[in-house]
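# What the coordinates show
Each chain is listed here by its residues.
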Amino acid sequence: MSKKILILETSVTLQKLFTTTLDNDDYTVQFVTNGKEAFYKLFEFQPDLFLLNSDIQEPHSFEIVRIIRSINCFKELTIGMYANVPASLDETFAMECGVNSFVRLDPKTLVINLDELASLSAPKIDKSAVSQAKKTFDDSFLFMNTAALLYGDSYKNAMFSKIICLVDNIENIEEMVRIFLLLVAEVCEVPLAALYMIENDGPHSYYVCSENIGEKEITDFLNVCAADFEKNQPDYNTTKIVPKKLEAKPELNRFYSTKVQLSSYGNESLKSSDESNYFGTVHIVSEGNITSEKQDFFSFCVKNAGAVFEKALIVKKKMFFEKRIRRAFGRFVPEQIIDSLVMQVDDTDEKVAVGETRSVAILFSDIRSFTNISEKNKPDVLVAFLNRYFSMMVDIIKKYGGTIDKFIGDAIMAEFGTPVSYKDNCRRAVAAAFEMRAMLPNVEIGDLVMPDGMEFNIGIGIHYGDVIVGSIGSKDKTDYSVIGDSVNLASRLEGLTKTYGTQILVSDSVREDAGEDSFYFRHLDDVRVKGKKNAVPIYAVDRSEDEFPPEYKDAYIKGMDLYKQGIWNLARDYFTKALAAAEGDKAAKLMLSRCEEFIENPPENWDGAIAFTTK
């Protein structure tokens with residue numbers, strides 16, 4: 001039996017091409033030249049295949065297809081559309097309207113194109129359904145179907161506007177869900193609607209319902225919803241989900257009468273805009289059947305809401321991340337650093353996770369002779385004291401933009417330059433150390449017992465250099481920290497404060513970056529600490545320009561110059577003068593002692609720097 005093909009084409013030339021190409025026993029072809037004629041011919045001819053040109057106007061070919069698809073007996077009719085020079089969106093729009101295949105008629109392969117259209121599979125039309133529909137088909141039927149389509153379009157536009165307005169509550173996902181479920185319930189005229197969605201902390205469930213529905217009906221409905229959701233997301237245990245009832249509207253009561261059983265159930269998947277990511281399901285249940293029109297509206301709502309909820313979940317994820325960041329870092333990191341870190345969440349999180357090299361000022365602070373203090377006090381007294389001390393010091397470090405890396409016993413390790421870097425990291429680090437020293441008299445000792453003759457004091461070492469910044473640790477525990485030689489050198493400088501009798505000791509890189517005139521730097525020595533090959537000039541940070549008299553500074557500078565040249569006998573005289581100008585100065589006393597030792601036992605290969613072999 002030949003395939004019956006109805007073709008809507010106004011061009012006589014194209015009609016002849018179709019006739020010539022399809023002139024065999026396999027096809028029976030008829031032509032129509034306008035939309036209205038096509039509808040009547042569909043009922044009369046009952047074709048296996050309907051073809052039409054995309055350029056047909058009044059009504060447009062796309063609208064003709066939509067009206068055909070709205071007629072139940074032609075829902076499965078095979079429809080092909082063709083075009084000589086299609087617009088960029090013609091094929092997409094054609095497929096959305098219900099076309100089975102869209103073909104571009106290339107002049108070079110025109111016969112092949114026509115054969116492709118003619119060979120489209122053609123399921124059998126229910127002729128009895130067509131005959132029944134034909135009885136009521138006339139101009140008024142066409143008018144009513146066209147009006148219904150226009151109504152559907154207008155209604156969908158209104159629904160789309162309401163869905164877009166969901167973004168007004170994008171920071172309150174629960175309210176978004178409530179508004180959306182109420183929209184779905186009213187559009188589909190159902191008394192019960194639910195949404196299951198995967199959020200940051202796992203799946204959540206929400207529902208709205210008529211106030212007249214019984215608990216058993218609600219429970220049965222939610223059980224079915226959970227089962228369908230779990231089919232799509234088997235990794236989640238829905239038995240642990242506690243559905244949350246959201247505030248509904250009285251209007252939902254009119255969709256529940258108790259006279260008809262809740263029997264028609266439907267669900268649709270919530271997907272991302274490109275449909276690559278599934279993150280939830282929407283469910284409805286109705287008294288009696290859910291009509292095809294309501295089902296169409298339901299699918300439309302869920303499909304268009306997917307993109308909006310996708311953005312809402314991203315916002316919630318960022319808010320969740322921000323809350324965790326603030327909770328984790330708030331006690332140790334300045335608020336402005338947290339703000340910057342949160343704003344740069346995507347880049348910072350990715351880069352820091354794998355580690356990166358940064359120039360950072362590292363500060364180490366340590367309480368003098370804390371072991372001796374510990375021996376004199378009970379654990380609870382020590383802990384209470386350390387909490388008071390740490391709180392005061394941390395506030396100062398945060399004030400200058402520093403980040404607390406860790407507490408090591410009684411020591412503090414802090415960084416200036418990570419996770420957020422400033423142009424003046426070194427100046428900030430030295431300013432923090434300066435204020436930490438100034439605040440020592442205000443630290444509340446409380447019940448702490450100090451060893452005889454000992455005053456509460458600290459030492460601070462600061463070095464500026466490259467470190468590796470990242471999340472360091474195991475799969476079970478990680479810390480945001482820094483590693484590298486610069487960290488070790490900062491720790492060694494803190495230890496050397498005891499040797500040189502100063503509270504703050506910084507490297508030459510800190511002095512240069514902070515600016516020589518920004519603080520009162522005093523060159524003490526060039527040292528080669530354990531683990532470092534190169535000598536490092538080290539500087540004390542004085543409280544004021546007048547902390548040491550001019551004659552001391554002049555003598556110490558001249559003594560250092562001679563000392564580095566290996567002229568220890570003359571250097572000794574200048575260090576003697578310096579010590580006389582500042583009695584008890586530990587640095588001058590140390591340098592004088594070295595000169596006397598080197599005069600007796602000159603070191604080999606002297607380069608002006610002393611090596612420290614212990615930490």
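Residues numbered from 1 in each chain as written. Predicted model: local features only at pLDDT ≥ 70, side-chain atom pairs only at ≥ 80, totals over all residues. Heavy atoms only, no water.

### Digging into the overall build of the protein chain
The helix and strand inventory of the protein chain stands at 20 helices and 19 strands. Counting across all 615 residues of the protein chain, residues that qualify as buried make up 48%. Long-range pairs, those at least 24 residues apart, make up 70% of the contacts in the protein chain with a sequence separation of at least 6. (Helix = DSSP H or I, 4+ residues; strand = E, 2+ residues; numbered from the N terminus. Buried < 20%, exposed > 50% of the residue type's maximum accessible area, 1.4 Å probe, protein only. Contact = heavy atoms within 4.5 Å.)

### A look at helix H8 (residues 173-188)
Compared with the 22 Å implied by 1.5 Å per residue over 16 residues, the 22 Å span of H8 between its first and last C-alpha is a close match. By the burial criterion, the buried members of H8 are Ile173, Met176, Val177, Arg178, Phe180, Leu181, Leu182, Leu183, Val184, Ala185, Val187 and Cys188. Downstream of H8 by a residue or two, Glu189 has a phi angle that is positive, lying close to 55°. (Expected span 1.5 Å × (residues − 1).)

### Side note on the environment of Asn277
With respect to the helices and strands, Asn277 occurs in the loop between strand S9 (262-271) and strand S10 (278-287). What makes Asn277 partly exposed here is its relative accessible area of 38%. Sequence-wise, Asn277 and Gly306 are 29 residues apart; in three dimensions their C-alpha atoms are separated by 9.8 Å. Setting aside anything within four residues of it in sequence, one finds Asn277 in contact with Leu270, Lys271 and Ser272.

### What to know about the pattern of salt bridges
One pass over the structure, following the stated rule, counts 21 salt bridges. With its nearest N and O atoms 2.9 Å apart, the salt bridge here joins Lys216 to Asp220. Note that Lys216 and Asp220 are positioned in helix H9 (residues 215-232) at a spacing of four residues, about one turn of the helix. Its relative accessible area of 61% is what places Lys216 among the exposed residues. Arg594 is paired through a salt bridge with Asp525; the nearest N and O atoms lie 2.7 Å apart. (Salt bridge = Lys/Arg side-chain N within 4 Å of Asp/Glu carboxyl O.)

### What about the sheet that holds strand S2 (residues 27-32)?
Pairing within the open sheet is parallel, and its five strands lie in the order S2-S1-S3-S4-S5. This sheet does not close on itself; its edge strands, each paired only once, are S2 and strand S5 (101-104). For this sheet, the mean angle separating the axes of adjacent strands, direction not counted, is 20°. Across four bridges, the pairing between strand S4 (residues 78-83) and S5 is parallel. Residue pairing in the sheet places Tyr82 in a bridge with Val103 of S5. Packed on one face of the sheet, helix H2 (residues 35-45) meets strand S1 (3-8), S2 and strand S3 (49-53) and runs near 170° to S1. (Pairing = 2+ DSSP bridges. Axes fitted to C-alpha atoms, helices over the stretch in contact; angles between N-to-C directions.)

### Things to note about the nonpolar core
In terms of nonpolar packing, the biggest core is built from 43 residues, with Ile367, Tyr389, Phe456, Ile462 and Val506 touching the most fellow members. A per-element tally of this core places helix H14 (residues 379-399) first, with 10 residues. With near-sequence residues (within four places) excluded, Tyr389 lies in contact with Ser365, Ile367, Asp410, Ile412, Val443, Phe456 and Ile458. The next biggest cluster of nonpolar side chains, apart from the first, holds 37 residues, and it includes Leu166, Leu182, Ala185 and Leu270. (Core = buried A, V, L, I, M, F, W, Y, C linked by side-chain atoms within 4.5 Å.)

### Regarding the sheet that holds strand S6 (residues 192-199)
Pairing is mixed across the open sheet formed by five strands, whose spatial order is S8-S7-S6-S10-S9. Either end of the sheet is taken by a strand with one partner, and the two such strands are strand S8 (244-245) and S9. With nine bridges connecting them, S9 and S10 associate as antiparallel partners. Among the inter-strand pairings, Asn267 is bridged to a residue of S10, identified as His283. Of the strands in this sheet, S6, strand S7 (202-209), S8 and S10 touch H8, which is tilted by about 145° from S6.

### Observations concerning a nonpolar patch on the surface
There is a patch of nonpolar side chains on the surface, built from Phe160, Ile164 and Val167 and spanning about 230 Å² of accessible area. With respect to the element layout, Val167 can be found in the loop between helix H7 (139-164) and H8. For Val167, a relative accessible area of 39% puts it in the partly exposed group. (Patch = residues over 30% accessible without salt bridge, like charges linked within 9 Å, V, L, I, M, F, W, Y side chains within 5 Å. Areas by Shrake-Rupley, 256 points an atom, 1.4 Å probe, with all protein chains shown as cover.)

### Quick notes on the confidence of the model for the protein chain
For the protein chain, mean pLDDT is 84; residues scoring 70 or higher make up 86% of the total. The model gives residues 346-354 a pLDDT under 50, and that stretch makes 11 contacts with residues more than four places away or in other chains. (pLDDT = per-residue confidence, 0-100.)

### Quick look at the packing of aromatic side chains
Taken as a whole, this structure holds 21 aromatic pairs when the rule is applied. Ring plane angle 15° and centroid distance 6.2 Å describe the contact between Phe385 and Tyr389, whose orientation is recorded as stacked. You can see Phe385 and its partner Tyr389 sitting in helix H14, four residues apart, about one turn around the helix. Looking at Tyr389, the relative accessible area reads 0%, which means it is buried. Members of the aromatic cluster, connected to one another through ring pairs, are Phe548, Tyr552, Tyr556, Tyr563, Trp568, Phe575, Phe598 and Trp606. Taking NZ or CZ as reference, Lys4 lies 4.9 Å from the ring centre of Phe45, over its face. In this structure, Arg522 is placed above the aromatic ring of Phe548, and the distance from its NZ or CZ to the ring centre is 3.9 Å. (Phe/Tyr/Trp six-rings, centres within 6.5 Å; stacked < 30°, edge-to-face > 60°. Lys NZ or Arg CZ within 6 Å of the ring centre and 35° of its normal.)

### Focus on the packing of helix H3 (residues 61-70) against helix H4 (residues 90-97)
Two elements in contact, H3 and H4, have axes separated by 9 Å at closest approach and are oriented at 15°. Considered as vectors, H3 and H4 are oriented roughly parallel to each other. Of the two possible hands of crossing, H3 and H4 adopt the one that is right-handed. Across the interface between the two elements, Phe62, Val65, Arg66 and Arg69 from H3 touch Asp90, Phe93, Ala94 and Cys97 from H4. Its residues assigned to classes, the contact of H3 with H4 shows five nonpolar, no polar and three charged. (Parallel < 35°, antiparallel > 145°, perpendicular 65-115°, else oblique. Left-handed = near helix turned anticlockwise from the far one by under 90°. Nonpolar A, V, L, I, M, F, W, Y, C, P; charged D, E, K, R; others polar.)

### So, the pairing of strand S16 (residues 504-507)
Judged by which residues are buried, S16 turns out to be covered on both faces: Ile504 and Val506 on one side and Leu505 and Ser507 on the other are all buried. Alignment of S16 against strand S18 (residues 536-542), held across three bridges, turns out to be antiparallel. Opposite Leu505, over in S18, you have Ala540 as the bridge partner.

### Overview of the packing of helix H18 (residues 550-565) against helix H19 (residues 568-581)
Axis separation between H18 and H19 bottoms out at 8 Å; the angle between their running directions is 160°. In terms of axis orientation, H18 runs roughly antiparallel to H19. Where H18 crosses over H19, the handedness of that crossing is left-handed. Contacts from Glu551, Tyr552, Ala555, Tyr556, Lys558, Gly559, Met560, Leu562 and Tyr563 of H18 reach H19 at Trp568, Leu570, Ala571, Tyr574, Phe575, Lys577, Ala578 and Ala581. Taken together, the residues that form the contact of H18 with H19 break down as 13 nonpolar, one polar and three charged.

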